[in-house]
Amino acid sequence: MTKPIKRIAVCTGGGDAPGLNAVIQSVVIAADNLGWQCYGIRDGFNGILFPERYPEGGVYRLTRDKVRGIGHLGGTMLGTTNKGNPLHFPINMPDGTVREIDRSDEILTYFATHEIDALVSIGGDGSLTIANALHQKGLRVVGVPKTIDNDLDKTYTTFGFDTAVGFATECLDRLHATAESHQRVMVVEVMGRYAGWIALHAGIAGDAHVILLPEIGFDLDKVAAKIRERVSDGRPYSIVLVAEGAQPRDGHRELLAAAEVGHAERLGGIGETIARALAESTGNDTRVVVLGHLLRGGSPTAFDRLSALRFGAAAVRALDEGQSGVMVALGFRGVDYVALEEVAGHIRNVPLDCDTLQTGRDLGISFGD
Ligand code: F6P
């Protein structure tokens, strides 16, 4: 029989996303209602791995009072990091090289010594892969799917995505006005890593004329032809929305920084490259706007807030039912649970036959192919 739960911990890992605080709030209140104590781990697992950095405690008690009124706030009250995965932790060697070691046992030891019975891990693919490894080593773990990129498998959506799409759409609305007034091409770059969900959804909602996705290798001549066609139709301005992971059909992805030990590669720069090439080939006045981290800030939309609150409460219910090694997911009929191992390491791309993409084509949007 599994030991009854008395204490749980919660952590947030990877890039922040609007709705994290709402999940934390929901976990703490739902746990408190069951008579459990809840603890927050600071900055991913850094609160456990680097206690010396936190004189006030790398892991601290979260009471109802501590989470009151935070549900509408962006960011995460616990802090987060997308460096230093405990499974592949970078350490500097005396010879100047950097090596990776597995520090996950230190997390298990911490939980055992402090009699913390389970973990709610809120994160994207990286954090859920860590959560799955901890579960396989015997820790009771439930994952909660977070990312503005919406690239997690087995869930209809992740919280943070709706807020990012809403903001990007509002930016496109604003850019239409200035683009039309100045008869310019505005190239707008959005985040999303290797998936084009943000670009696709915001691009269609925000009436972009060209949308470039990582899933569809683009041909710049086709993009230029679309812009020229609009000029000859009497619409001498265009909005080109580019996902940071988009790449030319015969080219490569643009990086701001290559992968290093302990840190994934940073995508970005494709907007600038496309803008330069389009200015040259079309002769149009062209500007670039990189929305970048603005997409991660701000208050969660009502949809994201509600998903986050539902996910947090469902994570606690899962633990109460004795589940472990699962991720809370949004299904068509409500919250569902899926095995973490089915999610870990699987990126969900935009399917080329999805109706949203088809809608874009039906509306005459160019995908550069
Ligand atoms: O995964 C979320 C995300 O915002 C991606 O869209 C983006 O590529 C990445 O994080 C940026 O991370 P960083 O915070 O390291 O710049």
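These numbers come from a predicted model, not from an experiment.

## A closer look at the overall build of the protein
Then, number 1: In terms of regular secondary structure, the protein is built from 12 helices and 15 strands.
Then, number 2: Taken over the C-alpha trace, the protein has a radius of gyration of 22 Å; the compact-globule value for 369 residues is 21 Å, and the two agree within 12%.
Then, number 3: Projected onto the principal axes, the alpha-carbon positions of the protein cover approximately 70 × 55 × 35 Å.
Then, number 4: The proportion of buried residues among the 369 residues of the protein is 53%.
Then, number 5: Here the contacts in the protein between residues at least 6 apart in sequence split such that 72% fall between residues at least 24 apart.
Then, number 6: Of the accessible surface of the protein, which amounts to about 16000 Å², a share of 50% is contributed by carbon and sulfur atoms.
Then, number 7: Positive and negative side-chain charges in the protein, numbering 36 and 46 respectively, have mean positions lying 5 Å apart.

## Some remarks on the site of the ligand
Then, number 1: Near the ligand, the surroundings consist of Asn82, Ile148, Asp149, Met191, Gly192, Arg193, Glu244, His293 and Arg296.
Then, number 2: At 2.7 Å from an oxygen atom of the ligand is found a side-chain nitrogen or oxygen belonging to Asp149.
Then, number 3: Within the complex, 84% of the 400 Å² of free accessible area of the ligand lies under protein.
Then, number 4: Split by domain, the residues of the shell around the ligand number at least three in each of domain 1 (7-159 + 300-342) and domain 2 (161-297).

## So, the pairing of strand 7 (residues 140-145)
Successive residues of a regular strand alternate their side chains across the two faces of the sheet.
Then, number 1: For strand 7, a buried count of 6 out of 6 residues is recorded, marking the element as mostly surrounded by other parts of the structure.
Then, number 2: Side chains Arg140, Val142 and Val144 of strand 7 all project onto a buried face; the interleaved residues Val141, Gly143 and Pro145 project onto the opposite face, where all are buried too.
Then, number 3: Of the strand pairs in this sheet, strand 6 (residues 118-123) and strand 7 are connected by 6 bridges, and their pairing is parallel. From the neighbouring strand, Ala118 faces strand 7, where its bridge partner is Arg140.
Then, number 4: Chirality of the crossover, the property in question, places the unit of strand 6, helix 5 (residues 125-136) and strand 7 among those that are right-handed.
Then, number 5: The sheet contact formed by strand 7 and strand 14 (residues 326-330) spans 2 bridges and is parallel. Within the sheet, the bridge partner assigned to Val142 lies in strand 14 and is Val326.

## Comments concerning the sheet that holds strand 13 (residues 286-290)
Then, number 1: Taken together, the 4 strands give an open sheet; going across it, the order is 9-10-8-13, and neighbouring strands pair in parallel fashion. The open sheet has two edge strands, strand 9 (210-212) and strand 13, and neither has a second partner. Going from strand to strand, the sheet's axes swing by 15 degrees on average, the running direction of each strand aside.
Then, number 2: Relative to strand 10 (residues 238-243), strand 8 (residues 185-190) runs parallel, the two sharing 6 bridges. When the bridges of strand 10 are listed, Glu189 appears paired with Val242.
Then, number 3: Across the sheet, helix 9 (residues 270-282) lies against strand 8, strand 9, strand 10 and strand 13, angled at about 160 degrees from strand 8, the strand it touches most.

## A look at the pairing of strand 15 (residues 335-339)
Then, number 1: Of the strand pairs in this sheet, strand 14 and strand 15 are connected by 5 bridges, and their pairing is antiparallel. From the neighbouring strand, Ala329 faces strand 15, where its bridge partner is Asp336.
Then, number 2: Between strand 14 and strand 15, which pair antiparallel in sequence order, lie 4 residues; one of them, Gly334, sits at a positive phi of approximately 150 degrees.

About the thresholds
- Position numbers for residues count from 1 along each chain, tracking the sequence in the order it is written.
- Whole-chain, interface and lining totals are the exception, using all residues; otherwise, since this is a predicted model, local features are given only for residues with pLDDT of at least 70 and side-chain atom pairs are given and counted only at 80 or more.
- Hydrogens are left out, water is left out, and the side-chain values use all remaining heavy atoms of the structure.
- Here a strand is any run of E in DSSP of at least two residues, a helix any run of H or I of at least four, and the numbering for each starts at the N terminus.
- Note on method: radius of gyration uses C-alpha positions; expected globular size equals 2.2 Å times residues raised to 0.38.
- Only protein chains enter the accessibility calculation, which uses a 1.4 Å probe; a residue is then buried when its area is under 20% of its type maximum, exposed when over 50%, and partly exposed in between.
- Contacts are assigned to residue pairs that have any heavy atoms within 4.5 Å of one another.
- Using the Shrake-Rupley algorithm and a 1.4 Å probe, accessible areas are obtained, with residue cover drawn only from the displayed protein chains.
- Under this rule, positive means Lys or Arg and negative means Asp or Glu; His and the chain ends count for nothing.
- Working definition for charges: the position is that of NZ of Lys, CZ of Arg, CG of Asp or CD of Glu.
- Put simply, a residue is near a molecule or strand once any heavy atom of it comes within 4 Å of that molecule or strand.
- Whenever a nitrogen or oxygen atom comes within 3.5 Å of another N or O atom, the pair is scored as a polar contact, on the condition that within protein one atom can donate a hydrogen and the other can accept it, and that pairs from neighbouring residues in sequence are kept only if both atoms are in side chains.
- Residue ranges assigned to each domain were obtained from an automatic or database domain assignment.
- Between any two strands, pairing holds if DSSP finds at least two bridges.
- Crossovers are marked right-handed if the path from the first strand over the helix to the second runs clockwise, as seen with the strands pointing away from the viewer.
- Note on geometry: axes are lines fitted to C-alpha atoms, helical ones only across the stretch in contact, with angles between N-to-C directions running from 0 to 180 degrees.

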